[in-house]
Each structure stands twice: as structure tokens, then as C-alpha cells.
Amino acid sequence: MGVFQYPKGLHRRRLQPFPYKNYKSFKRVLQHEFVRVCVYCRTPDSVSPGEYYSFAVDHYRPKVVPKFKDLETNYRNLYYCCGPCNSRKNDYWPADERLGPFVVNPCEHDMAAHLRLNAATFEYESRTPDGAHMIRLLQLNEPDIVGYRRRVVETIELANLRRIELNKKLAEAKKKFSKGLLTAAELANVEAIFARSMSTVLDIIQCNDGTKAPRPLPRTVK
Ligand SMILES: [Zn+2]
């Protein structure tokens, strides 16, 4: 699935954390559970160092609503969420649950049925009233965040072009070496540059699309 795309179907929770008394203790587990992206705006936490610390644990059913008080440390009510979405969603819950509108989440809603990314403008488009509500409430098309999405996608594309270029340079050097046009030391030099640059390029791609492995989970998680 591409960066900033909403998932199709429902996410089934795969981790079983220790029943912590403080909901904040679930954060690292939630980062793994939701593959290090904000469940609401799909922003990865890996684009810049330390972003994990600006992410939060969201109570989907707000803990301030009396009937949801017991869900404060219930893992199934907790979601991994970026700082802006967390503060904009805040304690939102529909006044009438029969009418909505809801903020959709990946465990209870097929998010792709509600929202889609316009690949040309990098804005999100709504497919349902819930999707439209979510775009308004979480300000998903704020110009700064739209520009950010564009930069992230463009960075990945540039890194992929660089990857192709590096592979081509290495192949050319190997060909020259086989024809006796390059010494073994010269080829070794090209290979060393290739290894270093390629490792950085892959790191750029993985940090931007969120596929870079996060820090390991605590041992209390099955
Ligand atoms: Zn977010």
C-alpha cells in the first residue's frame, strides 16, 4: 500500500500487550500494531527523527464520556495518532450515535470506502458523510499538510530514480572491469561508493514511506 493511502477492509489487531495501568504505556505497541502511521491522516512517524515523541495514544471512544470511562486502558479503544489529529479529534463523539457523523478508524470501518487520496493534488477526498466530517474536523486538507504529503511522495520518487542511477553505474563499472577497462581497485572503489549511497537511498525511502523498522517491542507483548 502506498504512503498516505487508506487501507481497504478491516484491521484485525494482532498484538496482545500486557494490561498496563497507564494508557500511555501502550504507545510503543500501538506504533507496531498500526505500522507507524497515524491511523487518521496516514502520516508516518519516521520522516524525521524524534517524531515518535510527537505522536500520541488516541482514545477512539473518549475517556471523558462517562459510559466510556472503563475503556481508558482497553487496548481495543486505543489508536496510534499524530499530534495534530489527536488534538483536533480531541473528545469528539457524535451527539447521537445513530446519526453520526463518525471519525472512522481502521478496525471498525473500511477507511478506503470513506476517504481517498487524490494522487494529483495530494488532498483527501470524501466518499461518505463520515469522510467529509473527518476532513473538516481533523483539517486533513490544510495547505501545510498537503504540501508535506507532496514533498514526502516526491522525495520517495527522487530516491527511486537515484536507486536506478546507482544500479546503472555499478553495472557499467562491472562491464568495464570485465573488458579490462577498469582495475580491480577502481571497481572496488565504485562498489564502496555504491554500497554507501544505496544504503542511504533505501533509508530515505523507508523513512518516508514508513516501512523502516521501528524500535523493538517490549518483552511484555506477545
Ligand atoms: Zn494524523
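The structure presented is a predicted model; accordingly, all values stated were derived computationally and were not measured. Every chain is numbered on its own, with residues counted from 1 as its sequence reads. pLDDT decides what is reported in this predicted model: residues at 70 or higher carry local features, side-chain atom pairs at 80 or more are listed and counted, and totals for whole chains, interfaces and linings draw on all residues regardless. Neither water nor hydrogens contribute to the side-chain values; these are computed over all heavy atoms in the structure.

Quick word on the overall build of the protein
Then step 1. Elements are defined by DSSP. Helices are runs of H or I of four residues or more, strands are runs of E of two residues or more, and each kind is numbered from the N terminus. Regarding its fold elements, the protein presents five helices and four strands.
Then step 2. Element order for the protein, N to C, with α for helix and β for strand: α-β-β-α-β-β-α-α-α.
Then step 3. In this description the radius of gyration comes from C-alpha coordinates, and the expected globular size is given by 2.2 Å times residues to the power 0.38. For 222 residues, the compact-globule formula gives about 17 Å, and the C-alpha radius of gyration of the protein, at 22 Å, lies well above that figure.
Then step 4. Principal-axis analysis of the C-alpha atoms gives the protein an extent of 80 × 40 × 25 Å.
Then step 5. Summary of the burial criterion: residues with accessible area below 20% of their type's maximum are buried, those above 50% are exposed, and those between are partly exposed, where the area comes from a 1.4 Å probe applied to protein chains only. Counting only residues that meet the buried cut, the protein has 44% of its 222 residues in that class.
Then step 6. Computed with the Shrake-Rupley method and a 1.4 Å probe, the accessible areas treat only the protein chains shown as cover for residues. Summed over its atoms, the accessible surface of the protein is roughly 12,700 Å², and 55% of this surface lies on carbon and sulfur atoms.
Then step 7. This count recognises Lys and Arg as positive and Asp and Glu as negative, with His and chain-terminal groups excluded. For the purpose of locating charges, the reference atoms are NZ of Lys, CZ of Arg, CG of Asp and CD of Glu. Averaged over its 37 positive side-chain charges, the protein has a centre that lies 5 Å from the centre of its 24 negative ones.

What to know about the coordination of the zinc ion
Then step 1. Only nitrogen, oxygen and sulfur atoms qualify as donors, provided they sit within 2.8 Å of the metal or within 3.2 Å for Na, K and Ca; with water excluded from the atoms, sites may seem incomplete. Taken together, the protein donors to the zinc ion comprise Cys38 (SG), Cys41 (SG), Cys82 (SG) and Cys85 (SG), at separations of 2.3 to 2.4 Å.
Then step 2. Square planar and octahedral sites, with four and six donors, are those where opposite donors lie more than 155 degrees apart and all other angles lie between 65 and 115, tetrahedral sites have four donors with every angle between 85 and 135 degrees, and the rest are irregular. For the zinc ion, the four donor atoms in the first shell make angles of 103 to 116° at the metal, a pattern classed as tetrahedral.
Then step 3. Ordering the donors of the zinc ion by residue number gives the pattern C-x2-C-x40-C-x2-C. The same class applies to Cys82 as to Cys85, namely buried.

A word on the pairing of strand β2 (residues 78–81)
Then step 1. On β2, burial covers both faces: Leu78 and Tyr80 on one face and Tyr79 and Cys81 on the other are all buried.
Then step 2. When strand β1 (residues 56–59) meets β2, the two strands line up antiparallel, connected through four bridges. Pairing of Ala56 across the sheet is with Cys81, part of β2. Between any two strands, at least two bridges found by DSSP are needed for them to pair.

Regarding helix α4 (residues 143–178)
Then step 1. How far a helix is expected to stretch is found by multiplying one less than its residue total by 1.5 Å. With 36 residues, α4 should cover 52 Å at 1.5 Å per step; its first-to-last C-alpha distance of 53 Å lies within 8% of that length.
Then step 2. Among the residues of α4, Ile145, Val146, Gly147, Tyr148, Arg149, Val152, Val153, Ile156, Ala159, Leu166, Leu170 and Ala173 are the ones counted as buried.
Then step 3. Tucked into the core, α4 has its buried residues touching β3 (115–117), β4 (124–126) and α5 (184–209).
Then step 4. Immediately downstream of α4, the backbone of Gly180 shows phi near 80°, a positive value. Whether two residues touch is decided by their heavy atoms; if any such pair falls within 4.5 Å, the residues are in contact.

Structural notes on the domain arrangement of the protein
By a widespread convention, an interface's size corresponds to the accessible area lost as its parts come together.
Then step 1. For the protein, the assigned domains read domain 1 (23–145) and domain 2 (147–209).
Then step 2. Put simply, the middle of domain 1 and the middle of domain 2, counted by C-alpha atoms, are 37 Å apart.
Then step 3. If you look at the interface, domain 1 gives 15 residues, while domain 2 gives 10 residues.
Then step 4. Once two parts are joined, some of their accessible surface, as seen by a 1.4 Å probe, is lost; buried area is that loss totalled over both. Carbon and sulfur atoms make up 49% of the surface buried where domain 1 meets domain 2, a total of about 1,000 Å² over both sides.
Then step 5. If you sort the residues of domain 1 by the area they bury against domain 2, Val47, Phe122 and Ile145 come out on top, with a joint share of 55%.
Then step 6. Salt bridge criterion: a side-chain nitrogen from Lys or Arg within 4 Å of a carboxyl oxygen from Asp or Glu. The interface formed by domain 1 and domain 2 contains zero salt bridges. Residue ranges for the domains trace back to a domain assignment, done automatically or taken from a database.

Thoughts on the side chain of Asp130
Then step 1. With respect to the helices, strands and loops of the structure, Asp130 is situated in helix α3 (residues 129–137).
Then step 2. Buried and unpaired, Asp130 has no salt bridge, with Arg136 as the nearest side chain of opposite charge at 8.7 Å.
Then step 3. Among the polar contacts made by the side chain of Asp130, one reaches the main-chain amide nitrogen of Phe102 at a distance of 2.9 Å.
Then step 4. Beyond its immediate chain neighbours, meaning those up to four positions away, Asp130 contacts Pro101, Phe102, Val104 and His114. Throughout this description, a polar contact denotes any pair of N or O atoms lying within 3.5 Å of each other; where both atoms belong to protein, one of them has to be capable of donating a hydrogen while the other can accept it, and for residues adjacent in sequence the pair is counted only when both atoms sit in side chains.

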